[in-house]
Amino acid sequence: MSIKKILVLVGLVASFGASAQMPVPLLDGADSAAQAQARKQLETLLACKGVKSLDARAVAAQFQALGLVKGAEGFYLPAPKAEMPMLFGDQVLAALVNDDQGEAKVTVYLKTQTGKQLAKKLGATQIDEQANTDDPSYFKKTGKTSTLLVGSAAEVFLGNWSVKYQSAVACQIAK
(Lines give C-alpha, C1' and ligand atoms only; values in the text may rest on other atoms or scores of the structure.)
Protein backbone atom coordinates (compact mmCIF):
# COMPACT_ATOMS: atom_id res chain seq x y z
CA MET A 1 0.00 0.00 0.00
CA SER A 2 1.38 3.40 -0.93
CA ILE A 3 1.97 6.18 1.59
CA LYS A 4 -0.63 8.29 -0.18
CA LYS A 5 -3.34 5.61 0.36
CA ILE A 6 -2.32 5.19 4.00
CA LEU A 7 -2.60 8.94 4.58
CA VAL A 8 -6.05 9.00 2.96
CA LEU A 9 -7.18 6.07 5.18
CA VAL A 10 -5.78 7.76 8.29
CA GLY A 11 -7.60 10.96 7.34
CA LEU A 12 -10.89 9.06 6.87
CA VAL A 13 -10.49 7.25 10.18
CA ALA A 14 -9.64 10.51 11.95
CA SER A 15 -12.65 12.32 10.45
CA PHE A 16 -14.94 9.38 11.25
CA GLY A 17 -13.64 9.33 14.84
CA ALA A 18 -14.28 13.06 15.19
CA SER A 19 -17.81 12.72 13.83
CA ALA A 20 -18.48 9.76 16.12
CA GLN A 21 -17.57 11.93 19.09
CA MET A 22 -19.85 14.81 18.02
CA PRO A 23 -22.98 13.69 19.91
CA VAL A 24 -21.20 13.62 23.28
CA PRO A 25 -21.00 17.41 23.66
CA LEU A 26 -24.58 17.66 22.43
CA LEU A 27 -25.67 15.21 25.12
CA ASP A 28 -23.68 17.15 27.71
CA GLY A 29 -25.49 20.28 26.58
CA ALA A 30 -28.83 18.51 26.96
CA ASP A 31 -27.82 17.38 30.45
CA SER A 32 -26.76 20.93 31.30
CA ALA A 33 -30.08 22.26 30.00
CA ALA A 34 -31.98 19.68 32.06
CA GLN A 35 -29.89 20.56 35.12
CA ALA A 36 -30.45 24.27 34.58
CA GLN A 37 -34.21 23.71 34.26
CA ALA A 38 -34.26 21.52 37.40
CA ARG A 39 -32.18 24.13 39.26
CA LYS A 40 -34.59 26.91 38.30
CA GLN A 41 -37.67 24.87 39.25
CA LEU A 42 -36.18 23.75 42.58
CA GLU A 43 -35.05 27.26 43.53
CA THR A 44 -38.54 28.57 42.78
CA LEU A 45 -40.14 25.75 44.76
CA LEU A 46 -37.75 26.16 47.70
CA ALA A 47 -38.42 29.91 47.82
CA CYS A 48 -41.97 28.74 48.60
CA LYS A 49 -43.74 31.59 46.78
CA GLY A 50 -47.22 30.70 45.58
CA VAL A 51 -46.75 27.01 46.41
CA LYS A 52 -49.98 25.36 47.48
CA SER A 53 -48.98 21.70 47.23
CA LEU A 54 -45.96 19.48 46.63
CA ASP A 55 -45.76 16.45 44.38
CA ALA A 56 -43.08 14.24 45.97
CA ARG A 57 -42.51 12.28 42.74
CA ALA A 58 -42.03 15.45 40.70
CA VAL A 59 -39.59 16.83 43.28
CA ALA A 60 -37.68 13.53 43.28
CA ALA A 61 -37.43 13.71 39.47
CA GLN A 62 -36.06 17.27 39.74
CA PHE A 63 -33.49 16.11 42.33
CA GLN A 64 -32.38 13.40 39.91
CA ALA A 65 -32.21 15.83 36.98
CA LEU A 66 -30.03 18.05 39.16
CA GLY A 67 -27.60 15.15 39.66
CA LEU A 68 -28.71 13.71 42.99
CA VAL A 69 -29.31 10.01 43.60
CA LYS A 70 -31.50 8.42 46.25
CA GLY A 71 -29.44 7.14 49.15
CA ALA A 72 -29.68 6.27 52.82
CA GLU A 73 -32.79 7.14 54.83
CA GLY A 74 -34.57 8.47 51.70
CA PHE A 75 -32.11 11.35 51.26
CA TYR A 76 -30.93 12.37 47.82
CA LEU A 77 -27.15 12.78 47.63
CA PRO A 78 -24.69 13.94 44.97
CA ALA A 79 -23.82 11.15 42.54
CA PRO A 80 -20.35 9.71 43.18
CA LYS A 81 -17.63 11.07 40.89
CA ALA A 82 -20.02 13.61 39.37
CA GLU A 83 -20.03 17.39 39.38
CA MET A 84 -21.56 18.74 42.59
CA PRO A 85 -25.12 19.97 42.02
CA MET A 86 -25.73 23.63 42.83
CA LEU A 87 -28.69 25.60 44.17
CA PHE A 88 -28.73 29.24 45.24
CA GLY A 89 -25.06 29.46 44.18
CA ASP A 90 -23.96 26.78 46.66
CA GLN A 91 -23.17 23.07 46.57
CA VAL A 92 -26.01 20.73 47.51
CA LEU A 93 -24.84 18.17 50.08
CA ALA A 94 -28.19 16.40 50.53
CA ALA A 95 -31.89 16.84 49.83
CA LEU A 96 -35.10 15.34 51.11
CA VAL A 97 -38.77 15.39 50.21
CA ASN A 98 -41.49 14.28 52.65
CA ASP A 99 -45.18 13.98 51.98
CA ASP A 100 -46.83 12.96 55.24
CA GLN A 101 -50.44 13.22 56.29
CA GLY A 102 -50.05 16.56 58.08
CA GLU A 103 -47.54 18.30 55.82
CA ALA A 104 -45.42 18.14 52.70
CA LYS A 105 -41.87 19.45 52.82
CA VAL A 106 -38.87 19.70 50.51
CA THR A 107 -35.48 20.45 52.07
CA VAL A 108 -32.01 21.05 50.65
CA TYR A 109 -28.79 21.14 52.69
CA LEU A 110 -26.04 23.49 51.43
CA LYS A 111 -22.30 23.51 51.94
CA THR A 112 -20.96 27.05 52.44
CA GLN A 113 -23.64 29.74 52.79
CA THR A 114 -24.66 30.52 56.34
CA GLY A 115 -28.29 30.47 57.34
CA LYS A 116 -28.15 34.23 57.79
CA GLN A 117 -26.81 34.75 54.25
CA LEU A 118 -29.39 32.46 52.70
CA ALA A 119 -32.23 33.94 54.76
CA LYS A 120 -31.27 37.43 53.58
CA LYS A 121 -31.13 36.23 49.96
CA LEU A 122 -34.61 34.69 50.27
CA GLY A 123 -36.16 37.45 52.38
CA ALA A 124 -36.79 35.35 55.50
CA THR A 125 -36.38 37.75 58.42
CA GLN A 126 -38.25 36.23 61.35
CA ILE A 127 -36.10 34.23 63.76
CA ASP A 128 -37.34 30.70 64.35
CA GLU A 129 -37.26 30.30 68.13
CA GLN A 130 -38.17 26.61 67.84
CA ALA A 131 -35.14 25.73 65.70
CA ASN A 132 -32.52 23.68 67.46
CA THR A 133 -29.45 25.41 65.98
CA ASP A 134 -26.53 27.31 67.52
CA ASP A 135 -26.90 30.23 65.10
CA PRO A 136 -30.31 31.75 64.37
CA SER A 137 -32.63 30.02 61.93
CA TYR A 138 -35.32 31.92 60.07
CA PHE A 139 -38.78 31.54 58.60
CA LYS A 140 -41.19 33.42 56.41
CA LYS A 141 -44.90 32.72 55.99
CA THR A 142 -45.34 32.76 52.20
CA GLY A 143 -49.00 31.78 51.92
CA LYS A 144 -52.01 30.56 53.82
CA THR A 145 -50.49 27.08 54.26
CA SER A 146 -46.87 27.55 53.12
CA THR A 147 -43.77 28.52 55.07
CA LEU A 148 -40.18 29.10 53.96
CA LEU A 149 -37.70 27.75 56.51
CA VAL A 150 -33.98 28.60 56.52
CA GLY A 151 -31.83 26.71 58.99
CA SER A 152 -28.32 27.39 60.18
CA ALA A 153 -25.33 25.07 60.46
CA ALA A 154 -26.04 21.64 61.82
CA GLU A 155 -25.76 17.99 60.91
CA VAL A 156 -28.12 15.50 59.28
CA PHE A 157 -27.79 11.81 60.12
CA LEU A 158 -27.88 9.25 57.33
CA GLY A 159 -27.74 5.80 58.86
CA ASN A 160 -24.24 5.23 60.23
CA TRP A 161 -22.79 8.54 59.05
CA SER A 162 -23.72 12.19 58.92
CA VAL A 163 -23.42 15.24 56.69
CA LYS A 164 -22.46 18.59 58.19
CA TYR A 165 -23.95 21.59 56.42
CA GLN A 166 -23.89 25.38 56.77
CA SER A 167 -27.51 26.05 55.88
CA ALA A 168 -30.71 24.34 54.90
CA VAL A 169 -33.68 25.72 53.03
CA ALA A 170 -37.13 24.17 53.04
CA CYS A 171 -40.62 24.81 51.78
CA GLN A 172 -43.24 23.40 54.13
CA ILE A 173 -46.90 23.04 53.16
CA ALA A 174 -49.50 22.27 55.83
CA LYS A 175 -52.35 20.05 54.67
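In short, a report on the structure. (Residues numbered from 1 in each chain as written. Predicted model: local features only at pLDDT ≥ 70, side-chain atom pairs only at ≥ 80, totals over all residues. Heavy atoms only, no water.)

A look at the side chain of threonine 107
On the secondary structure map, threonine 107 appears in strand S5 (residues 103–110). Overall, threonine 107 belongs to the buried group, its relative accessible area being 9%. With residues near it in sequence (within four places) discarded, threonine 107 still touches Phe63, Ala94, Ala95, Leu96, Ala168, Val169 and Ala170. (Helix = DSSP H or I, 4+ residues; strand = E, 2+ residues; numbered from the N terminus. Buried < 20%, exposed > 50% of the residue type's maximum accessible area, 1.4 Å probe, protein only. Contact = heavy atoms within 4.5 Å.)

Overview of the state of the cysteines
Scanning the entire structure with this criterion turns up one disulfide. Cysteine 48 shares a disulfide with cysteine 171; S-S distance 2.1 Å. Its S-S torsion of about 60° marks the bond between cysteine 48 and cysteine 171 as right-handed, since a negative value means left-handed. Placement of cysteine 48 in the loop between helix H2 (23–47) and helix H3 (56–66) and of cysteine 171 in strand S9 (residues 161–174) is noted, with a sequence separation of 123 residues between them. Judged by its relative accessible area of 0%, cysteine 171 falls in the buried class. (Disulfide = S-S within 2.5 Å.)

A short note on unusual backbone geometry
Non-glycine residue lysine 81 carries a positive phi angle of around 60°. Within the secondary structure, lysine 81 sits in the loop between strand S2 (76–78) and strand S3 (86–87). Looking at lysine 81, the relative accessible area reads 91%, which means it is exposed. Positive phi, normally seen in glycine, also occurs at phenylalanine 88, with a value near 55°. Looking at the element boundaries, phenylalanine 88 is found in the loop between S3 and strand S4 (90–99). Judged by relative accessible area, which is 9%, phenylalanine 88 ranks as buried.

Purely spatial values, then, with no claim about function.
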